[in-house]
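# A closer look at the structure
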Amino acid sequence: MTKTRQAYTGHFYRDPHTTIDSYDTKNWITRAANFVVMASHAKENAILTRTAEYQNDEYFILLPEDTAAIISSNGNEIKSNGDSLLIAPPGDSQIKMLNGGWVYRIFSKNAKDLIEIAPNHQAWDNVTDVAELIDWPAPVDGFKLRHYPLQDYIRTDTTMRLFRTCNLMVNIFLPSTAPRDIHKLSPHAHPDYEQGSLAVHGAYIHHLRYPWTPDLAQWREDEHIVASAPSLCIIPPNVIHTSQAVGEKGMRLVDIFAPPRTDFSLRPGLVCNEKEYPLPDNINA
């Protein structure tokens with residue numbers, strides 16, 4: 001058994017930014033094996049763009065509740081007052097900021113221009129423990145700009161709000177209303193995919209336990225990573241983990257998976273936009 005990789009955390013609130021553009025937008029870029037996250041702190045009237053030269057598949061745009069913007073692509077335009085998730089189609093797209101704030105964009109590893117400049121990109125050069133990124137079927141109504149106001153997706157039976165594209169999945173949890181009960185944590189592990197835990201408000205402790213191998217020299221101590229927002233913790237396969245919200249209220253966490261999780265996708269009604277994105281034939285229930 002090979003040594004389990006160590007988790008990686010990008011602390012965007014304190015780490016040096018990766019790039020800065022002509023609008024003075026600061027960008028923090030962090031990659032995993034199959035996805036890359038770009039956290040941007042932008043000013044009013046700033047424009048954030050992606051061009052067809054680099055963007056050949058869909059990507060997520062997450063606007064926190066205090067960030068308003070106009071998003072456009074292929075002649076379509078959507079205004080959002082924030083607390084929204086959007087899916088931008090392949091090709092050209094842009095985000096015009098109506099006020100200042102944070103914007104989070106989540107791409108597949110096909111965004112090679114971003115992968116290559118991520119400060120942690122070399123850590124994934126020879127990774128072999130993650131499932132291959134294979135696109136699922138195209139949306140039934142074709143690729144287009146999609147808008148999901150998150151207040152429209154609140155359920156009483158779960159705190160999860162799952163959305164997927166052809167090769168990405170996000171779980172946008174409902175805001176926490178209190179610190180997490182330390183007697184009701186949920187330690188678990190995933191066999192062949194990474195999890196990105198993106199904190200967009202509040203503070204979390206990511207508790208991690210690494211599996212033992214026959215070689216004692218490869219054992220790792222447990223980790224308890226304190227990560228305030230905004231930050232991203234990337235958890236490797238087989239690492240037992242659970243995240244503990246430690247603020248008083250309003251903590252917000254987003255989990256990221258690539259490719260989409262089959263177990264969640266096979267639970268009818270759990271993925272909010274499942275009617276738009278068909279399952280592959282080989283995993284239909």
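Structure first, text after, so check above.
Computed from a predicted model, the values in this text were never measured in an experiment.

### Topic: the overall build of the protein chain
Within the protein chain, the regular secondary structure consists of two helices and 20 strands. Here the C-alpha atoms of the protein chain give a radius of gyration of 18 Å, agreeing with the 19 Å that 2.2 N^0.38 yields for 285 residues. Reported as C-alpha extents along the three principal axes, the dimensions of the protein chain are approximately 60 × 45 × 40 Å. In the protein chain, which comprises 285 residues, the share counted as buried stands at 51%. For the protein chain, contacts bridging at least 24 residues in sequence account for 77% of all contacts bridging at least 6. Counting only carbon and sulfur atoms, one obtains 51% of the accessible surface of the protein chain, whose full area is about 13,300 Å². Side-chain charges of the protein chain comprise 26 positive and 34 negative groups, with the mean position of each set lying 3 Å from the other.

### Some details on the state of the cysteines
All chains considered together, the criterion is met by zero disulfides. Left without a disulfide partner, Cys166 is nearest to the cysteine sulfur of Cys272, which lies 17 Å away. The class of Cys166 is buried, set by a relative accessible area of 5%.

### Things to note about the sheet that holds strand β16 (residues 203-209)
If you trace the three strands from one edge of the open sheet to the other, you get β17-β16-β19, paired in antiparallel fashion. What marks the edges here is a single partner per strand, and that holds for β17 (223-228) and β19 (240-245). Each strand axis lies, on average, 20° off the axis of its neighbour in the sheet, ignoring direction. With six bridges joining them, β16 and β17 adopt antiparallel strand pairing. Within the sheet, the bridge partner assigned to Tyr204 lies in β17 and is Ala227.

### What about the side chain of Thr242?
The topology assignment puts Thr242 in strand β19. Of note is the side chain of Thr242, whose polar atom sits 3.5 Å from the side chain of Arg180. In contact with Thr242, other than residues within four places in its own chain, are Arg180, Leu185, Ser186, Pro187, Ile205, His206 and His207.

### Concerning the sheet that holds strand β7 (residues 69-73)
Strand pairing in a sheet relies on backbone hydrogen bonds. The paired strands run either parallel or antiparallel. The sheet built from four strands is open, its strands ordered β5-β10-β7-β8 with antiparallel pairing. Lying at the two open borders of the sheet, with one neighbouring strand each, are β5 (47-50) and β8 (76-80). Averaged over all pairs of adjacent strands, the angle between their axes in this sheet comes to 15°, without regard to strand direction. Bridge analysis of β7 against strand β10 (residues 93-97) gives four bridges, and the strand direction is antiparallel. From the neighbouring strand, Ser72 faces β10, where its bridge partner is Gln94.

### Regarding the packing of aromatic side chains
Aromatic ring pairs are defined here through the distance separating the ring centres and the angle between the ring planes. According to the stated counting rule, one finds ten aromatic pairs in the structure shown. With a centroid separation of 4.0 Å and 5° between ring planes, the pair formed by Trp212 and Trp219 is classed as stacked. Taking the relative accessible area as the measure of exposure, Trp219 reaches 33% and is therefore partly exposed. Between Phe257 and Phe264, the aromatic rings sit 6.4 Å apart at their centres with planes inclined by 75°, giving edge-to-face as the arrangement. Here Phe264 falls in the buried class, since its relative accessible area comes to 9%. An aromatic cluster of three or more residues is present, and its members are Trp28, Trp102 and Tyr104. Cation over ring: Arg220 sits above Tyr210, and NZ or CZ is 5.6 Å from the ring centre. The ring centre of Phe264 lies 3.8 Å from the NZ or CZ of Arg261, which sits over that ring.

### Remarks on unusual backbone geometry
Excluding glycine, a negative phi dihedral is what most residues carry, and trans is how most peptide bonds are arranged. A cis amide bond, omega -5°, links Ala229 with the succeeding residue Pro230. Turning to its location among the elements, Pro230 is positioned in the loop between β17 and β18 (231-235). Within the chain, Asn74 stands out as a residue other than glycine whose phi angle is a positive 50°. Of note in this structure, Asp83 is not a glycine but carries a positive phi near 55°. By secondary structure assignment, the location of Asp83 is in the loop between β8 and β9 (84-88).

Conventions adopted
- Residues numbered from 1 in each chain as written.
- Predicted model: local features only at pLDDT ≥ 70, side-chain atom pairs only at ≥ 80, totals over all residues.
- Heavy atoms only, no water.
- Helix = DSSP H or I, 4+ residues; strand = E, 2+ residues; numbered from the N terminus.
- Rg over C-alpha atoms; globule rule 2.2 N^0.38 Å.
- Buried < 20%, exposed > 50% of the residue type's maximum accessible area, 1.4 Å probe, protein only.
- Contact = heavy atoms within 4.5 Å.
- Areas by Shrake-Rupley, 256 points an atom, 1.4 Å probe, with all protein chains shown as cover.
- Lys, Arg positive; Asp, Glu negative; His and termini not counted.
- Charge placed at Lys NZ, Arg CZ, Asp CG, Glu CD.
- Disulfide = S-S within 2.5 Å.
- Pairing = 2+ DSSP bridges.
- Axes fitted to C-alpha atoms, helices over the stretch in contact; angles between N-to-C directions.
- Polar contact = N/O pair within 3.5 Å; in protein donor to acceptor, adjacent residues only side chain to side chain.
- Phe/Tyr/Trp six-rings, centres within 6.5 Å; stacked < 30°, edge-to-face > 60°.
- Lys NZ or Arg CZ within 6 Å of the ring centre and 35° of its normal.

By themselves, these are just geometric observations and shouldn't be taken as functional.
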